[in-house]
Structure formats: structure tokens, C-alpha cells
Amino acid sequence: MTSIQAQLDQHGVLAVGRTSVYVSDLISTVFAGFPSPAEDLGAQRIDLGATLIKHPKATFLLRARGDSMREAGIFDGNILVVDRAVKPRHNHIVVAVVDGDFTVKQLYQCLGRVKLNAANPTFPDIVPRDGQTIEVWGVVSSSS
């Protein structure tokens, strides 16, 4: 069995294409409304790949570093599921490449203006300067 570390590329990106990720021992559902008596359900096996990943060949896992997205629920050390097949739209959380470096930010697109917004007021937004290259690399579909 190959370790996950051995599958990471030079940027710490893990391709998910043929990797099955399972969680076993799911006991029951959790209700967000009124409490419910425990159900007599046996353990089930859930394929996280099928649950979280819509485009396996275009999906990657990255680990978030830093606090610039904490108000979007992305914290230092979280694992991000990034789908490169999803067309990025206004307000999507995206992974972008800015001057050769990866960053995760909220995409702002309005009236031909594009910027990458931080979800923490102590961090600046990224507004492209003349000649600066910003490429949206993928859309974050999940974080944990």
C-alpha cells in the first residue's frame, strides 16, 4: 500500500482520480432539528470519494496553511477538496496561482473586475496589478 505522502506532488497536491477513501462505522444520521431517539441501524460503509468528489480525474486534495480564510470556515491545517472541472464563478472559494504561488481565496467577479478576497479582515485582498498573472486553478468543493 502506497502512503499518501508518497503520492503528493511537489506542491503538496494529491490527485484523487483512482483513490478510494472510505469511512466505516457510521452509526446513524444526526438531526439538526428536534432530538430523535437512537435508531437501530447497523454500521454502514460510506465511500467519501463518491460522496464528496464529482469529477475524480479533476479533483485534488490540498492542505490549507494560514488564517486568511477563517471566516469562510477554512482553518490552518484543513484539507481542501479542489475540483478543477467546476467553472469558477463569483463568490466561489477558489485555489488560485498568483505569481507562481498557490493561495485560497473567495473569487470576486463583477463588471469585468476580478480580485481574490480574503475571509479575514486582517489579511489584504489580492487585486491584480498590471502585468501580474492570476490563474484560478480550481474550485474548493469541501473543507475539513
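An account of the accompanying structure is given in this report. Keep in mind it's a predicted model, so treat the numbers as computed, not measured.

Right, let's get into the overall build of the protein chain. Scanning the protein chain from terminus to terminus reveals two helices and nine strands. Beginning at the N terminus, the succession of helices and strands in the protein chain can be written as α-β-β-β-α-β-β-β-β-β-β. Looking at the protein chain as a whole, 28% of its 144 residues qualify as buried. In the protein chain, 53% of the contacts between residues at least 6 apart in sequence involve partners at least 24 apart. Summing over all exposed atoms, the protein chain offers an accessible surface of approximately 9,900 Å²; the carbon and sulfur share of this is 54%.

Now for the nonpolar core. Ranked by internal contacts, the top residues of the largest apolar core, which has 14 residues, are Ile-74, Leu-80, Val-82, Val-95, Val-104, Trp-137 and Val-140. Among the elements of the structure, strand 4 (59–63), strand 5 (79–83), strand 6 (93–98) and strand 9 (134–143) are those that each provide at least two residues to this core. Here this core takes three residues from strand 6, the largest share from any one element. With residues up to four places along the chain from it excluded, the contact list for Val-104 reads Ser-68, Met-69, Ile-74, Leu-80, Ile-93, Val-94, Val-95 and Val-140.

A full pass over the atoms with the stated rule returns two aromatic pairs. Summarising the aromatic geometry, the rings of Phe-60 and Trp-137 are spaced 5.2 Å apart at their centres and angled 55 degrees between planes, so their arrangement reads as tilted. Of this pair, Phe-60 sits in strand 4 while Trp-137 sits in strand 9, and the two are 77 residues apart along the sequence. The pair Phe-60 / Trp-137 is uniform in exposure class, with both members buried. Judged by centre distance (5.3 Å) and plane angle (90 degrees), the rings of Phe-102 and Trp-137 are edge-to-face. Placement of the pair is Phe-102 in strand 7 (residues 101–110) and Trp-137 in strand 9, with a sequence separation of 35 residues. By relative accessible area, which is 30% here, Phe-102 ends up partly exposed. Here Lys-115 stacks its cationic end above the ring of Tyr-108, 5.2 Å away from the centre of that ring.

Tracing the chain through its elements places His-92 in the loop between strand 5 and strand 6. Given the relative accessible area of 17%, His-92 is considered buried. Non-local contacts of His-92, meaning those with residues more than four positions away in its chain, are made with Val-86, Lys-87, Lys-105, Gln-106, Leu-107 and Val-139.

The next subject is the pattern of salt bridges. When the charged atoms of two side chains lie near each other, side chains of opposite charge can form a pair. In total, this model carries three salt bridges according to the counting rule given. The closest approach of N and O atoms between Asp-99 and Arg-129, which form a salt bridge, is 3.9 Å. Highlighted residues: Asp-99 in the loop between strand 6 and strand 7 and Arg-129 in the loop between strand 8 (113–117) and strand 9, separated in sequence by 30 residues. With relative accessibility at 46%, the residue Asp-99 sits in the partly exposed group. Note on Arg-129: relative accessible area 56%, which makes it exposed. The salt bridge involving Lys-115 is made with Asp-125; its shortest N-O contact spans 3.9 Å. Of the two residues, Lys-115 is situated in strand 8 and Asp-125 in the loop between strand 8 and strand 9; the sequence distance between them amounts to 10 residues. According to the relative accessible area criterion, Lys-115 is buried, its value standing at 16%. Residue Asp-125 is classed as partly exposed on the basis of its relative accessible area, which comes to 34%.

Reading the values: the criteria
- Every chain's residues receive numbers from 1 upward, in the order its sequence appears when written.
- Residues qualify for local features only when their pLDDT is at least 70, as the model is predicted, and side-chain atom pairs are given and counted only at 80 or more; totals for whole chains, interfaces and linings, by contrast, use all residues.
- Where side-chain values are given, they derive from all heavy atoms of the structure, hydrogens and water being excluded.
- Secondary structure elements follow DSSP: runs of H or I no shorter than four residues count as helices, runs of E no shorter than two count as strands, and numbering proceeds from the N terminus.
- Burial status follows relative accessibility: with a 1.4 Å probe on protein chains alone, a residue under 20% of its type maximum counts as buried, one over 50% as exposed, and anything between as partly exposed.
- Contacts are residue-level and defined by heavy atoms, with any inter-residue pair within 4.5 Å sufficient.
- For the area figures, the Shrake-Rupley method with a 1.4 Å probe applies, and any residue is considered shielded solely by the protein chains shown.
- Only buried Ala, Val, Leu, Ile, Met, Phe, Trp, Tyr and Cys residues count toward a nonpolar core, and they belong to the same one when joined by side-chain atoms within 4.5 Å.
- Geometry of aromatic contacts follows a simple scheme: Phe, Tyr and Trp rings, the Trp one being its six-membered ring, pair when their centres are within 6.5 Å, and the pair is stacked under 30 degrees between planes, edge-to-face over 60, tilted otherwise.
- A ring has a charge above it when a Lys NZ or an Arg CZ is no more than 6 Å from the ring centre and no more than 35 degrees off the ring normal.
- Salt bridge, as used here: a side-chain nitrogen of Lys or Arg that lies within 4 Å of a carboxyl oxygen of Asp or Glu.

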